[in-house]
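Secondary and tertiary structure notes
So you can see what is in the structure, the chains are spelled out below.
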Amino acid sequence: MIGPVRAGQPWPRYRYRWWDGVNAMVCQQAFRDADTAWSNWLSRSREGLGYPRPKQRGRCRDSFRMPGVGLVPENLRHIRIGGERRPGGQKAFRVRLHRPAYRLARLLQRGGEVQMVTISRSGPRWFAAFNVRLPATPAAVATRAQRERGTVGVDLGVEVISATSRPIQLQKVATQLVANPRHLANARRALAKWERRKARRWVKGRPAREQSRGWHEAKDHMAKPHAQIAAHRADTQHHLTKALATQFARAVIEDLQVKNMSKSAKGTLEEPGSMVRQKAGLNRALLDVSFGEIRRQLTYKTAWYGSTLSAVNPAYTSQTCHRCGHVDRKSRRTRSVFQCTACGAEVHADIGAAHNIAARDERTATPGG
Ligand SMILES: [Zn+2]
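The text that follows walks through the structure, step by step, so that each part is easy to find.

About the cut-offs
Note that residues are indexed from 1 along each chain, following the sequence as it is written. At least 70 in pLDDT is required for a residue's local features to be given in this predicted model, at least 80 for side-chain atom pairs to be given and counted, and no such filter applies to totals for whole chains, interfaces and linings, which use all residues. Side-chain calculation: all heavy atoms of the structure are included, whereas hydrogens and water are not. Listed donors are limited to N, O and S atoms within 2.8 Å of the metal, widened to 3.2 Å for Na, K and Ca; water is not among them, so incomplete-looking sites are possible. Metal sites are grouped by the angles between bound donors: all angles between 85 and 135 degrees with four donors is tetrahedral, opposite donors over 155 degrees apart with the others between 65 and 115 is square planar for four donors and octahedral for six, and any other pattern is irregular. A run of H or I in DSSP counts as a helix once it spans at least four residues, and a run of E counts as a strand once it spans at least two, with each numbered from the N terminus. The buried label applies to any residue whose accessible area, calculated with a 1.4 Å probe on protein chains only, is under 20% of its type's maximum; exposed applies above 50%, and partly exposed to all values in between. At least two DSSP bridges between two strands are required for those strands to pair. Note on geometry: axes are C-alpha line fits, over the in-contact stretch for helices, and angles between N-to-C directions span 0 to 180 degrees. Pairing of N or O atoms within 3.5 Å defines a polar contact, subject to two protein rules: one partner must be a possible hydrogen donor and the other a possible acceptor, and residues neighboring in sequence count only if both atoms are side-chain atoms. Throughout, a residue-residue contact means that at least one pair of heavy atoms, one from each residue, lies within 4.5 Å. Classification of ring pairs uses Phe, Tyr and Trp, with its six-membered ring standing for Trp, and accepts pairs whose centres are within 6.5 Å; under 30 degrees between planes counts as stacked, over 60 as edge-to-face, and the remaining range as tilted. Cation placement over rings: the criterion is NZ of Lys or CZ of Arg within 6 Å of the ring centroid and within 35° of the ring normal. We count a salt bridge whenever a side-chain nitrogen from Lys or Arg sits within 4 Å of a carboxyl oxygen from Asp or Glu. Only residues above 30% relative accessible area that lack a salt bridge enter a patch, with like-charged residues linked at up to 9 Å and the nonpolar side chains Val, Leu, Ile, Met, Phe, Trp and Tyr linked at up to 5 Å. Reported accessibility uses the Shrake-Rupley method at a 1.4 Å probe radius. Residues are deemed covered only where the shown protein chains occlude them. When charges are tallied, Lys and Arg are placed among the positive residues and Asp and Glu among the negative ones, while His and the ends of the chain are skipped. Think of each charge as sitting on NZ of Lys, CZ of Arg, CG of Asp or CD of Glu.

Focus: the coordination of the zinc ion
Those donors, Cys-321 (SG), Cys-324 (SG), Cys-340 (SG) and Cys-343 (SG), are the protein atoms that reach the zinc ion, and they lie 2.3 Å from it. Its four donor atoms give the zinc ion angles of 106 to 112° at the centre, a pattern that matches the tetrahedral case. Counting along the primary sequence, the residues that act as donors to the zinc ion give the motif C-x2-C-x15-C-x2-C. Here the residue Cys-321 occupies a position in the loop between β11 (308-312) and β12 (337-339), and Cys-340 occupies one in the loop between β12 and β13 (346-348), the gap between them amounting to 19 residues. Of the two residues, Cys-321 and Cys-340, neither departs from the other in class, the shared state being buried.

Focus: the sheet that holds strand β8 (residues 160-170)
The strand order across the open sheet built from five strands is β9-β8-β7-β10-β11, with neighbouring strands paired in mixed fashion. The two strands at the open ends of the sheet, each matched to only one other strand, are β9 (173-179) and β11. Here the strands of the sheet are splayed against their neighbours by 20° on average, with no regard to which way each runs. Judged from the three bridges that link them, strand β7 (residues 151-156) and strand β10 (residues 250-254) form a sheet pairing that is parallel.

Structural notes on the side chain of Gln-211
By secondary structure assignment, the location of Gln-211 is in the loop between α4 (183-201) and α5 (213-247). The class of Gln-211 is buried, set by a relative accessible area of 6%. In terms of polar contacts, Gln-211 uses its side chain to reach the backbone amide nitrogen of Val-203, at 2.8 Å. For Gln-211, the side chain forms a polar contact with the main-chain oxygen of Arg-206, separated by 3.1 Å. Those residues in contact with Gln-211 that sit more than four places away from it in its chain are Arg-201, Trp-202, Val-203, Arg-206 and His-216.

Quick look at the environment of Asp-328
Mapping Asp-328 onto the fold places it in the loop between β11 and β12. Taking the C-alpha atoms as reference, Asp-328 lies 9.4 Å from Ser-318; in sequence the two are 10 residues apart. The residues touching Asp-328, leaving out its near neighbours within four places in the chain, are Gln-319 and Thr-341. Separated by 2.9 Å, the side chains of Asp-328 and Thr-341 make a polar contact.

Focus on the packing of aromatic side chains
Counted under the stated rule, the structure contains five aromatic pairs. Between Arg-197 and the ring centre of Trp-194, over which it is positioned, the NZ or CZ distance is 4.7 Å.

Quick word on the sheet that holds strand β1 (residues 63-66)
Reading across from one edge, β1-β5-β6 is the order of the three strands in this open sheet, with antiparallel pairing throughout. Strand pairing shows two members of the sheet lacking a second neighbour, β1 and β6 (125-133), which therefore form its edges. Put simply, the sheet's adjacent strands are angled 15° from each other on average, direction ignored. Bridge count between strand β5 (residues 113-122) and β6: nine bridges; the pairing is antiparallel. What sits directly across from Arg-121, in β6, is Trp-126.

Focus: the pattern of salt bridges
Here the structure, examined in full by the defined rule, presents seven salt bridges. Put simply, Arg-296 and Glu-293 hold a salt bridge, and the shortest N to O gap is 2.9 Å. Here Arg-296 pairs with Glu-293, and both are found in helix α8 (residues 291-304), just three residues apart, close to one helical turn. On the accessibility criterion, Arg-296 (46% relative accessible area) is partly exposed. Here Arg-332 and Asp-350 are joined by a salt bridge, their closest N and O atoms 3.9 Å apart. Pair noted here: Arg-332 is in the loop between β11 and β12 and Asp-350 is in helix α9 (residues 349-364), with a separation of 18 residues, a long-range link. A single salt-bridge network, built from bridges that share partners, covers Arg-332, Arg-335 and Asp-350.

Thoughts on a positive patch on the surface
Residues Arg-103, Arg-106, Arg-110 and Lys-242 make up a contiguous surface patch of positive charge. Tracing the backbone shows Arg-110 in the loop between α2 (102-109) and β5.

Observations regarding the environment of Ala-179
Relative to the elements of secondary structure, Ala-179 occurs in strand β9. A sequence separation of 19 residues divides Ala-179 from Val-160, and the C-alpha atoms of the two residues are 4.4 Å apart. The residues contacting Ala-179, other than those within four sequence positions of it, are Glu-159, Val-160 and Ile-161.

As structure tokens, this is what we get:
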């Protein structure tokens, strides 16, 4: 990013014009974050932390973070960036919010302190995410209704985003199956047109920022539906995870290695993969429902609402009979029909799997755990 500065050259105002338009704290925070990323990598403090990946504006999620941002208390509709305005000091300004930040105001009223704000862009909109430190609160306890409903087994899938061993209340309807809204598949058709236009207008051998206005127009057109898809998907996931965390005392999911599941289906030269095409489609859909995100949400939401989360071994959950425990691949008649070859019990395949998941937790549960 920053090249050598030769003697006699003004620095950095002249060479780095963008510097003037950026709040100093943003740059400081970026350097601090980069430092953390490198020391994490060097010390191998957490497993799975690799070499820091460089980011570039327009090539990744556009975002920055900075400390020292506050909510304007008198109207809750503005945030103040860059601290107090004082003559000759840090540039400070206000940004109006799309709607009043009631939730943030409540947290601040309870003694919360804003640590950091992350500003990010999704399509045409900008978002501000506040990181608030709250004074210690007593741990949440499951309500009586939660305890009465007990444990729920959850089978996360592709066509059916979730099947549960017990009905959950979702938007005032009790249901055991939540269909995948297929946001991406629906929008893909609409996007195809702009995708083609974008491809036609691409001039080879030129970086993105030097492409024509027409190319950028097509790109901006695509950004909006993509942002809407992301918002819809997030909405579905949050409804589901909140229902699971608030309506039961314990949620049980499969301990899936999402990274392995979405790994390329091509296999290796020695072990070529089978059904490469089908799996490629499946992988895309798997990422679409994003298991990892659902698990992440369940982890913190169960803590918020006094319930617990458990992840069990996923082996054969879809081939086991939930009545008699007989394991047979043939019991699974179709994608959705499960009919046990031993005892003849019939059940929706995904709900059967959800029952197995819940049962597996009871078997492995530690006393008091
Ligand atoms: Zn059976």
